[in-house]
Amino acid sequence: MACRGCSKSGLGLLSRRSATTCSLEARISFSHPANTRLVSSSSARPTTVVSSSKQQQPRNQRQPGTINASRSLHTPPTKETGSEPKEGSPVVGNLAKILKAAVGGKTNTYAIYGLTQNWAKLCAGQADYTISKEDRKAEKVKTTEEGEEVGTSKGGVWHDEFHLLPTFSTWSQVGMLHMYLLAVRFRALDKESHEKWQKQLVDHFFHEAEAKMDLVHDMTSSSLRQRYLKDLFVQWRGVILAYDEGLVKGDAVLASAVWRNLFKAREDVDLRVLAAVVAWMRRCLRALDRTDDADLPFVVGELFAARKPSLMLPAVDEWSGLVEGFGGQNATTEGGVTGSEETPGKKTTSRFT
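Residues numbered from 1 in each chain as written. Predicted model: local features only at pLDDT ≥ 70, side-chain atom pairs only at ≥ 80, totals over all residues. Heavy atoms only, no water.

Asker: Could you give an account of the packing of aromatic side chains, with specific residues and numbers?
Answerer: Under the defined criterion, the tally for this structure stands at 10 aromatic pairs. Between Phe168 and Trp171, the aromatic rings sit 5.3 Å apart at their centres with planes inclined by 40°, giving tilted as the arrangement. A residue pair is termed a helical-turn pair when its members lie 3 or 4 positions apart in one helix, as Phe168 and Trp171 do in helix α8 (residues 168-186) at 3 residues. With 5.8 Å between their ring centres and 45° between their planes, Phe186 and Trp197 make a pair best called tilted. Linking Phe186 in helix α8 with Trp197 in helix α9 (residues 191-215), this pair joins segments that are 11 residues apart in sequence. Here Phe186 and Trp197 have matching classes, each one buried. In textbook terms, an aromatic cluster arises when at least three aromatic residues are bridged by ring pairs, as seen for Phe168, Trp171, Phe205, Phe206 and Phe233. Stacked on the ring of Tyr129, the Lys or Arg Lys212 has its end atom at 4.7 Å from the ring centre. (Phe/Tyr/Trp six-rings, centres within 6.5 Å; stacked < 30°, edge-to-face > 60°. Helix = DSSP H or I, 4+ residues; strand = E, 2+ residues; numbered from the N terminus. Buried < 20%, exposed > 50% of the residue type's maximum accessible area, 1.4 Å probe, protein only. Lys NZ or Arg CZ within 6 Å of the ring centre and 35° of its normal.)

Asker: Account for the confidence of the model for the protein chain, naming residues and giving values.
Answerer: When pLDDT is averaged across the protein chain, the result is 74; 60% of the residues are at 70 or more. pLDDT under 50 marks residues 326-353. Its contacts with residues more than four places away, or in other chains, come to 42 contacts. (pLDDT = per-residue confidence, 0-100. Contact = heavy atoms within 4.5 Å.)

Asker: Report on the pattern of salt bridges, specifying residues and quantitative values.
Answerer: For the structure on display, the rule yields 14 salt bridges. The salt bridge involving Asp128 is made with Lys212; its shortest N-O contact spans 2.5 Å. Taken as a pair, Asp128 in the loop between α5 (109-124) and β3 (129-130) and Lys212 in helix α9 lie far apart in primary sequence, 84 residues in all. The exposure class of Asp128 is buried, given its relative accessible area of 17%. On the basis of relative accessible area, Lys212 is assigned to the buried category, the value being 9%. (Salt bridge = Lys/Arg side-chain N within 4 Å of Asp/Glu carboxyl O.)

Asker: Just give me the short version of the side chain of Ser310, but keep the residues and values in it.
Answerer: Inspection of the secondary structure puts Ser310 in the loop between α13 (296-306) and α14 (313-325). Dropping the residues within four chain positions of it, Ser310 is found in contact with Val157, Glu161 and Phe162.

Asker: Account for the nonpolar core, naming residues and giving values.
Answerer: Grouped together as the largest cluster of nonpolar side chains are 74 residues, with contacts concentrated most on Trp158, Trp236, Val277 and Met281. What Met281 contacts, discounting residues up to four positions off in sequence, is Leu177, Tyr180, Leu181, Tyr243, Leu254 and Val258. (Core = buried A, V, L, I, M, F, W, Y, C linked by side-chain atoms within 4.5 Å.)

Asker: Help me get a handle on the environment of Gln126, residues and values and all.
Answerer: Relative to the elements of secondary structure, Gln126 occurs in the loop between α5 and β3. Owing to a relative accessible area of 11%, Gln126 belongs among the buried residues under this scheme. Between the C-alpha atom of Gln126 and that of Ala305, which follows or precedes it by 179 residues, the distance is 9.2 Å. If near-sequence neighbours (up to four positions away) are discounted, Gln126 is found in contact with Gly155, Trp158, Val174, His178, Phe304 and Lys308.

Structure below.
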């Protein structure tokens, strides 16, 4: 049931928490109470850009002007720090050299902006979906019991093999899961580089999220999109804390965090799938740990494409058989659920955990 404000604005599919407020769990749903208790809201900051005119002015005389940006969570570099790399730029032609300079002391904003933009699109494409304009115009868009719109999957393991619904909630949680793995790898850099890489990655992903709200869910109101983005940012902070706790305390805690976020704490979740996701996270982190900084742009795409979570299912089945053979004793390793490359009982060390 929709409130009057949403009904008038064409968002009649939105459900509500009470008789007077609209729920953030409808249409695009990403509310997870288990994590929101760990975080606090963050307000968006205004974007500062450099004003320009037809007549070129000396650089030291240019005065920045503040605008009310429609994407306040997405802050592209200004003229002083660099701009979005265009086709034919050094980022495309000599990627390895620029990245080596970026992570080796002299931070190159072109490299950071361009690479994190590609990685954000890669994360956003893992569980992609769409909703046709014909279905929306004919009011044939399917919804869940909570009122969340269900689209048409563009394929992928998360929809086809793990049977997650093609919704905004699934899309955002899968995207943030991949983004988290990269954020953990950034921690191996120095503090300044780590903050810059993670900030640009998060900014680009939230740009993708706002585009998804606008183009797929027909959410034309900028103020309403900003409300959802702020709530999604709180979700992102909760994801970091929940998964960090799992990396430190072990696979049971990590599986619980994945269950709450990715699977919405469903009681009918397939435990094999849950274990496979945890094992896949450990395997990806280990692969990123072994990757040199300058090799990251050549490894990340291949890593997410080749190391599908479903490939861990045979290892999970094999380990489950060993557990049953030991009479159901707890036979998990200290380093996490692993495949044939790990030695059972041997503690693994990493600079990330």
